[in-house]
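Observations on the model geometry
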Amino acid sequence: MESLQLAFQTAAHYNILPLTSGCNLRCLFCSHRQNPPGVETWYLPPLKLDHIETLLDFLDGSRKIVIGESATRLIEGEPLTHPDFLAILTRVRQRFPGTRVEITTNGTLLTPDLARAMADLGPLEINLSLNSASPEGRLKLMGDTKPAPALEAPLTLHQAGIPYHGSLVACPWLVGWQDVRETVLHLARSGARTVRIFLPGYTRLAPPELRFPGELRQQLAGELEELRSLTDIPLLLEPPFLPNLIPVIEGVIPGTPAAAVGLQRGDLVLEVDGRQPRCRVEAYRLASVPGRRRLLIGRRQRPGPGGYAGTPATRDGWQKNFFELQIGEEGSGLTFTWDFDPDLFIEVEKICRRHGAGRAVVLTSQLAAMIVEQALAALPLSLHVVATPSRFFGGSIGCAGLLTLADFRAAWQEQQGNGRSADLIILPAIAFDYRGRDLVGEHYLDLAELTNIPVELI
Ligand code: SF4
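Remember, predicted model here, so these are calculated numbers, not experimental data.

Quick word on the overall build of the chain
Within the chain, the regular secondary structure consists of 15 helices and 15 strands. Taken over C-alpha atoms, the radius of gyration comes to 23 Å for the chain, in line with the 23 Å a tight globule of 458 residues would show. Buried residues in the chain amount to 39% of all 458 residues. Taking the contacts inside the chain whose residues are at least 6 apart along the sequence as the reference set, 73% of them involve residues at least 24 apart.

Structure follows, in structure tokens:
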């Protein structure tokens, strides 16, 4: 059974424990509802306990274990619909006593009793996909006819002492701006550590009601700026659209080491223990290492309170100061927008050297192209970054995970048409599964055969 095989690969490669593809809701924006024909996805019925037991052998207890997410072509479902959910969680905890388990849920099946039982099986971290905090909004967006448990889920988690992050797919043209605002504030005021606000994506096959206006991102960014004056919780807009790699702090989770020393949204991380982070992700990772961390922070001088007393500002109005943070297992409390995986600096260099490449072309997504170009410009290599449009999924899709080999082929042919040559083509690994196949089953090495140029994934 291919879906079972995929479940094992998902556990081994991504440390994800898949439980079921079943879900008790029917969200308008659910990714699997808009797939063009040819996309290979697999439905996983609720897994039997003996299969789960075997899957545990494939998990790595030294890393966070994830439940309720899909990184492969397995359709993700609602994990709490699995009839043995609590027994499975108990088994995970017995097998991996101290490992953090992250669970993504829509909250509809969360009761106070279940939350208390889950709290005893910590350390847990919940991603609560609330999407709307009004019965009307939930009915329209998610087909939720019994909204009470999900509406109470934020407080249920908070009262059980389970740390959680809230999220919503923002659809103001369907439910109104007030619904979006109230959902963000409902989460923020019910103990969420952060709230992530997702811009919905739609493919070329999406129904007309999902095709949101082009200015939505800007409008959302403006709304969030206003909402930030009403809450201290980090509000994070996704997918990110970043102009640079400057490690600016996006938000600070209240009650954490970073909050205790007074770090703020907008501060720059200039150094961590004497090391200059090259991007936001690197700043996050360096500042998250348990132990005593010393951060050099830059802050734009503000009128009134907020600057550092006694620290002179530079001529352009920046003040610098050191902060000592004692970091535990919970991390620093700093949140950053994801920009670039710093491991790729070494990876790309290694791959180019191995191939002796002098003219490598990096095909990446439209969303990531600008940031990837800036990051790779720091390497002593000749690399050309190409933004690859998603022709296959179309619509508003701009992420790398939904690009297909046909998209990369078309982007490369366009480059060739413009007279570009290359001695190495680099593609984003996230577009391919563990066997190297894209979402329609084409292998990335087919591009090497077609072009006669070596192709690598990073
Ligand atoms: S709750 Fe999640 S898995 Fe279920 S329909 Fe909605 S988006 Fe899809």
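Considerations on the sheet that holds strand 12 (residues 360-365)
Taken together, four strands build an open sheet; the order of strands is 13-12-14-15 and the sheet is parallel. Only two strands of the sheet have a single neighbouring strand rather than two, namely strand 13 (383-388) and strand 15 (455-457). Strand-to-strand, the axes of this sheet are offset by a mean angle of 25 degrees, without reference to chain direction. With six bridges joining them, strand 12 and strand 13 adopt parallel strand pairing. Across the sheet, residue Val-362 finds its bridge partner in strand 13, namely Val-385. Contacts between helix 13 (residues 369-376) and the sheet are confined to strand 12 and strand 13, with strand 13 contributing the most and set at about 170 degrees to the helix.

A closer look at the site of the ligand
Close contacts around the ligand come from Cys-23, Leu-25, Arg-26, Cys-27, Cys-30, Glu-76, Gly-77, Glu-78, Asn-106 and Met-142, and that covers them all. Of the residues assigned to the shell around the ligand, the class counts are five nonpolar, two polar and three charged.

Description of unusual backbone geometry
Backbone torsion omega between Gly-122 and Pro-123 reads 5 degrees, so that peptide bond is classified as cis. The backbone phi angle of Asp-273 is positive, close to 50 degrees, even though this residue is not glycine. Of note, Asp-273 is situated in the loop between strand 8 (268-272) and helix 11 (280-288). According to the C-beta neighbour criterion, Asp-273 is partly exposed, with 13 such atoms within 10 Å. A positive phi angle is found at Asn-452, which is not glycine, with a value near 65 degrees. Note that Asn-452 resides in the loop between helix 15 (445-451) and strand 15.

Re helix 8 (residues 177-188)
In this model, helix 8 (12 residues) spans 17 Å end to end at C-alpha, consistent with the 16 Å of a helix rising 1.5 Å per residue. Inspection of helix 8 places Asp-179, Val-180, Thr-183, Val-184, His-186, Leu-187 and Ala-188 among the buried residues, and these make up the whole buried set.

A few points about the nonpolar core
The biggest cluster of nonpolar side chains holds 59 residues, and the ones touching the most others in it are Leu-17, Leu-157, Ile-162, Val-184 and Val-195. Among the elements that take part in this core, helix 6 (residues 148-160) stands out by supplying five residues, more than any other. Excluding anything up to four places from it in sequence, Val-184 contacts Leu-168, Val-195, Ile-197, Leu-227 and Leu-235. One finds Ala-258, Cys-352, Ala-360 and Tyr-444 within the second-largest nonpolar core, a separate group that totals 55 residues.

Brief notes about the pairing of strand 9 (residues 291-300)
With four bridges joining them, strand 8 and strand 9 adopt antiparallel strand pairing. Looking at strand 9, one finds that Leu-268 is bridged to Gly-298. Where strand 9 meets strand 10 (residues 318-327), 10 bridges bridge the pair, whose relative direction is antiparallel. If you follow Gly-291 over to strand 10, its bridge partner there is Ile-327.

Section: the sheet that holds strand 1 (residues 65-67)
Strand order across the open sheet formed by six strands is 1-2-3-4-5-6, with parallel pairing between neighbours. If you trace the sheet from one side to the other, it starts and ends with strand 1 and strand 6 (235-238), each paired once. Each strand of the sheet is rotated relative to its neighbour by a mean of 20 degrees, with strand direction disregarded. Pairing between strand 5 (residues 195-198) and strand 6: four bridges, direction parallel. Along strand 6, the bridge assignment pairs Phe-198 with Glu-238. Contacts from helix 6 reach strand 3 (124-129) and strand 4 (164-169), with the element oriented near 165 degrees to strand 3.

Here's the deal with the domain arrangement of the chain
One can read the domain layout of the chain as domain 1 (2-238), domain 2 (251-335) and domain 3 (343-457). Look at where the C-alpha atoms of domain 1 and domain 3 centre, and you get two points 30 Å apart. Opposite the 13 residues of domain 1 that make contact, domain 3 presents 11 residues. When grouped by side-chain class, the residues that make up the side of domain 1 that touches domain 3 number four nonpolar, six polar and three charged.

Focus on the packing of helix 4 (residues 112-119) against helix 6
One can describe the packing of helix 4 onto helix 6 by two numbers: an axis separation of 9 Å at closest approach and a directional angle of 40 degrees. Looking at the two axes, helix 4 sits oblique to helix 6. Seen along the crossing, helix 4 lies across helix 6 with a hand that is right-handed. Each of Pro-112, Ala-115, Arg-116, Met-118 and Ala-119 in helix 4 lies in contact with helix 6, whose residues at this interface are Thr-156, Leu-157 and Ala-160. For the contact of helix 4 with helix 6, the per-class residue count stands at six nonpolar, one polar and one charged.

Definitions and limits used
- Residues numbered from 1 in each chain as written.
- Predicted model: local features only at pLDDT ≥ 70, side-chain atom pairs only at ≥ 80, totals over all residues.
- Helix = DSSP H or I, 4+ residues; strand = E, 2+ residues; numbered from the N terminus.
- Rg over C-alpha atoms; globule rule 2.2 N^0.38 Å.
- Buried ≥ 20, exposed ≤ 12 C-beta atoms within 10 Å, placed from the backbone.
- Contact = placed C-beta atoms within 7 Å.
- Pairing = 2+ DSSP bridges.
- Axes fitted to C-alpha atoms, helices over the stretch in contact; angles between N-to-C directions.
- Near = placed C-beta within 6 Å.
- Nonpolar A, V, L, I, M, F, W, Y, C, P; charged D, E, K, R; others polar.
- Expected span 1.5 Å × (residues − 1).
- Core = buried A, V, L, I, M, F, W, Y, C linked by C-beta atoms within 7 Å.
- Domains from an automatic or database assignment.
- Parallel < 35°, antiparallel > 145°, perpendicular 65-115°, else oblique.
- Left-handed = near helix turned anticlockwise from the far one by under 90°.

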